[in-house]
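# Per-entry structural report
Take a look at the letters that make up each chain.
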Amino acid sequence: MARKQRNEMDWTDDKEEIIWVSKSEIKRDAEALKKLGAALLELTPTNLAKIPLDDDVREAIKLAQRLRLEARRRQIQYIGKLLRNLDPAPIQEALDKVENRHNQQLALLQKLELLRDELIEKGDETVNKIVEQYPSLERQQLRNLVRAAQKEKAANKPAKNYREIFQYLKSMIAE
């Protein structure tokens, strides 16, 4: 029987699959974790509390929020290093939920702006439709605001009632 030499390896006996990761892929992953850490820095404390993080990462984020310039950049790198020890999928998922809630709020505000514009253009018929959709609105108050905004628009005055309609809709519908 032939004897194996020292530097020869028998690849047929290995039962485990060897996964080779390139240096570029490692760098891309590290960069993605740094971006995730930077996104976490932009969150408010209440939103940050909704993200599943270790205490070390939370403390590093709180510190980084106070730092500026080069110190902040180094702290973001450190946060990325800490995130390598965690599973980033649940963190990213929670971050997406928080950001999506923000997007939903923006969509609601845009909807309210369109509703306000429609109210001013069409007047009482739109007021009736909107009050049917949202019974918490007071028909008379909304009518008065719409008429005042129409008068302002016709007289080229500042749009005080135009803004008040939006604020009224926002306070009554967004709640």
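As annotated in an unreviewed UniProt entry, the protein chain carries the name Dual-action ribosomal maturation protein DarP and comes from Nicoletella semolina. Among the UniProt annotations of the protein chain, the heading Subcellular location (unreviewed entry) holds the following wording: "Cytoplasm". Regarding the protein chain, the relevant UniProt record gives this comment under Function (unreviewed entry): "Member of a network of 50S ribosomal subunit biogenesis factors which assembles along the 30S-50S interface, preventing incorrect 23S rRNA structures from forming. Promotes peptidyl transferase center (PTC) maturation."

So, about the side chain of Arg72. Looking at where Arg72 falls in the secondary structure, it is placed in helix 4 (residues 69–83). Contact partners of Arg72, with chain neighbours within four places excluded, come to Leu41, Glu42, Ala64, Gln65 and Leu67.

The end-to-end C-alpha distance of helix 7 (residues 139–154), which contains 16 residues, comes to 22 Å, matching closely the 22 Å that a straight helix rising 1.5 Å per residue would cover. Within helix 7, the full set of buried residues consists of Leu142, Leu145, Val146, Ala149 and Glu152. All buried residues of helix 7 fall inside an arc of 125 degrees around its axis, so they share one side. Among the exposed residues of helix 7, those oriented more than 90 degrees off its buried face are Lys151 and Ala154. Among the structural elements, helix 5 (88–122), helix 6 (124–133) and helix 8 (160–173) are those in contact with the buried residues of helix 7.

This paragraph deals with the packing of aromatic side chains. Applying the stated criterion to the full structure yields zero aromatic pairs. In this structure, Arg116 is placed above the aromatic ring of Tyr162, and the distance from its NZ or CZ to the ring centre is 3.9 Å.

Attention now moves to the nonpolar core. Ranked by size, the top nonpolar core spans 21 residues in total, and within it Leu40, Ile51, Leu53, Ile61, Leu83 and Ile91 carry the most contacts. Breaking this core down by element, the ones donating at least two residues are helix 1 (23–41), helix 3 (55–66), helix 4 and helix 5. Those residues within four positions of Leu53 in sequence are excluded, and the remaining contacts are Leu40, Leu48, Arg58, Ile61, Leu83 and Ile91. Among the nonpolar cores identified, the runner-up in size contains 17 residues, and Leu112, Val131, Leu137 and Phe166 belong to it.

Basis of the calculations
- Residues numbered from 1 in each chain as written.
- Predicted model: local features only at pLDDT ≥ 70, side-chain atom pairs only at ≥ 80, totals over all residues.
- Heavy atoms only, no water.
- UniProt positions renumbered as here; feature names shortened; annotations may be inferred.
- Helix = DSSP H or I, 4+ residues; strand = E, 2+ residues; numbered from the N terminus.
- Contact = heavy atoms within 4.5 Å.
- Expected span 1.5 Å × (residues − 1).
- Buried < 20%, exposed > 50% of the residue type's maximum accessible area, 1.4 Å probe, protein only.
- Arc of directions from axis to C-beta.
- Phe/Tyr/Trp six-rings, centres within 6.5 Å; stacked < 30°, edge-to-face > 60°.
- Lys NZ or Arg CZ within 6 Å of the ring centre and 35° of its normal.
- Core = buried A, V, L, I, M, F, W, Y, C linked by side-chain atoms within 4.5 Å.

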